[in-house]
Amino acid sequence: MSAMTLFYSATSPFVRKVTVLLHETGQLADVALQEVALSPTTPNAEVNAANPAGKIPALRLADGSLLYDSRVILDYLDQRHAGQSLVPAGPQRWACLTLAALADAALDAAVLIRYETFLRPQDKRWNDWLQGQQEKLERAVARFEQAVGSELADSFDLAAISVACALGYIDLRQPEMDWRQRYPQLANWYAGVSQRPSMLATQPPG
Ligand code: 99T
């Protein structure tokens, strides 16, 4: 029996970061996935009980204690395996964590855009707000392009996992953004990391 349970959805990029890490660090068998469907307007009672913010991922440990959000869960799981940490030591640590934080911020903007366009009735949408979120997303992707060859190089570390999951979510929810044409180095980097078994196994449903 698995010692831990992850509240899970196949379309959540925040959850995907966790499942990619589980693949990369050989911990997949230690975590059972509990699939849930939720949104801010259709909350899930079990998730609310696990995480007062009502968001996934949340991870229940063997002793019943709960961890959230994705950054805390990733840190916990990264400290739990025997291999090399997914966050480099030394001065590179801060660059890695900062790029991972930007990928999370890009995802926050992308998920807010998704909720605003998918859940909110058309006549109640606020275009200036939507545009502001879209611009955050654009600036973040432009920064990812600059990171290719520096923060995004050979190692598939926490920053790389976070950026890859953010790009995967843009492809899922905003294919019209067509970022590959504008950011060719990033497109090339992403094409490479997308072939990793961890990324192939966690692809969101198309
Ligand atoms: O906001 C809600 O009520 C439900 N939303 C979520 O649980 C989303 C799922 S992505 N999760 C987060 O926003 C987690 C963010 C947190 N800071 C973390 O864990 O890092 C679902 C997107 C989709 O299916 O399109």
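Refer to the structure above for everything that follows.
Quick look at the structure, then. (Residues numbered from 1 in each chain as written. Predicted model: local features only at pLDDT ≥ 70, side-chain atom pairs only at ≥ 80, totals over all residues. Heavy atoms only, no water.)

## Examining the side chain of Ser198
Item 1. Mapped onto the secondary structure, Ser198 falls in helix H9 (residues 197-201).
Item 2. When its relative accessible area of 3% is taken as the criterion, Ser198 is described as buried.
Item 3. A distance of 2.5 Å separates the side chain of Ser198 from the side chain of Glu24, its partner in a polar contact.
Item 4. Ignoring sequence-local partners within four residues, the contact set of Ser198 consists of Val20, His23, Glu24 and Phe156. (Helix = DSSP H or I, 4+ residues; strand = E, 2+ residues; numbered from the N terminus. Buried < 20%, exposed > 50% of the residue type's maximum accessible area, 1.4 Å probe, protein only. Polar contact = N/O pair within 3.5 Å; in protein donor to acceptor, adjacent residues only side chain to side chain. Contact = heavy atoms within 4.5 Å.)

## Concerning the state of the cysteines
Item 1. Scanning the model with the defined rule gives zero disulfides in all.
Item 2. Cys96 forms no disulfide, and the closest cysteine sulfur to it belongs to Cys165, at a distance of 13 Å.
Item 3. Accessibility expressed as a relative area gives 4% for Cys96, which makes it buried. (Disulfide = S-S within 2.5 Å.)

## As for the site of the ligand
Item 1. Residues in close proximity to the ligand total 15 residues, the closest being Thr11, Ile56, Ser70, Tyr115 and Tyr169.
Item 2. Tyr115 places a side-chain nitrogen or oxygen 2.9 Å from a nitrogen atom of the ligand.
Item 3. Contact distances for the ligand include 2.9 Å between an oxygen atom and a side-chain N or O atom of Arg173.
Item 4. Protein contact buries 88% of the 630 Å² of open area that the ligand shows by itself.
Item 5. Judged by the fraction of its atoms near the pocket grid, the ligand is located in the largest pocket.
Item 6. Those elements that place two or more of their residues in the shell around the ligand are helix H4 (92-118) and helix H6 (158-173).
Item 7. Here the shell around the ligand is built from residues that sort into six nonpolar, five polar and four charged. (Near = heavy atom within 4 Å. Areas by Shrake-Rupley, 256 points an atom, 1.4 Å probe, with all protein chains shown as cover. 1 Å grid on protein atoms, 1.4 Å probe; cavity = no way out; pocket = protein on both sides within 12 Å on 5 of 7 lines; lining within 4 Å. Sits in = over half its atoms within 2 Å of the grid points. Nonpolar A, V, L, I, M, F, W, Y, C, P; charged D, E, K, R; others polar.)

## Overview of the sheet that holds strand E3 (residues 58-60)
Item 1. Ordered by their spatial adjacency, four strands build an open sheet running E2-E1-E3-E4, and the pairing between neighbours is mixed. The open sheet has two edge strands, strand E2 (31-35) and strand E4 (66-67), and neither has a second partner.
Item 2. Relative to E2, strand E1 (residues 4-8) is paired through five bridges, and the arrangement is parallel. Paired with Leu6 across the strands is Leu33, a residue of E2.
Item 3. Contacts between helix H1 (residues 13-24) and the sheet are confined to E1 and E2, with E1 contributing the most and set at about 140° to the helix.
Item 4. Contacts between helix H3 (residues 70-80) and the sheet are confined to E1, E3 and E4, with E3 contributing the most and set at about 45° to the helix. (Pairing = 2+ DSSP bridges. Axes fitted to C-alpha atoms, helices over the stretch in contact; angles between N-to-C directions.)

## Quick look at H4
Item 1. Between its first and last C-alpha, H4 extends 39 Å over 27 residues, near the 39 Å set by a 1.5 Å rise per residue.
Item 2. Taken together, the buried positions of H4 are occupied by Cys96, Leu99, Ala100, Ala103, Asp104, Ala106, Leu107, Ala109, Ala110, Val111, Ile113 and Glu116.
Item 3. Lining the buried residues of H4 we find H1, H3, helix H5 (127-147) and H6. (Expected span 1.5 Å × (residues − 1).)

## So, the environment of Ile170
Item 1. Within the secondary structure, Ile170 sits in helix H6.
Item 2. Residues Ile170 and Pro13, spaced 157 residues apart in sequence, show a C-alpha to C-alpha distance of 9.6 Å.
Item 3. In this structure, Ile170 is in contact with Leu137, Val141, Pro175, Met177 and Trp179, ignoring residues within four places of it in sequence.

## As for the nonpolar core
Item 1. Ranked by size, the top nonpolar core spans 61 residues in total, and within it Leu59, Phe144, Val163, Leu167, Trp179, Leu186 and Trp189 carry the most contacts.
Item 2. Among the elements that make up this core, the one with the highest residue count is H6 (11 residues).
Item 3. Not counting residues within four places of it along the chain, the set of residues in contact with Leu59 comprises Met4, Thr5, Leu6, Val31, Ser65, Leu66, Leu67, Ile73, Tyr76 and Leu77. (Core = buried A, V, L, I, M, F, W, Y, C linked by side-chain atoms within 4.5 Å.)

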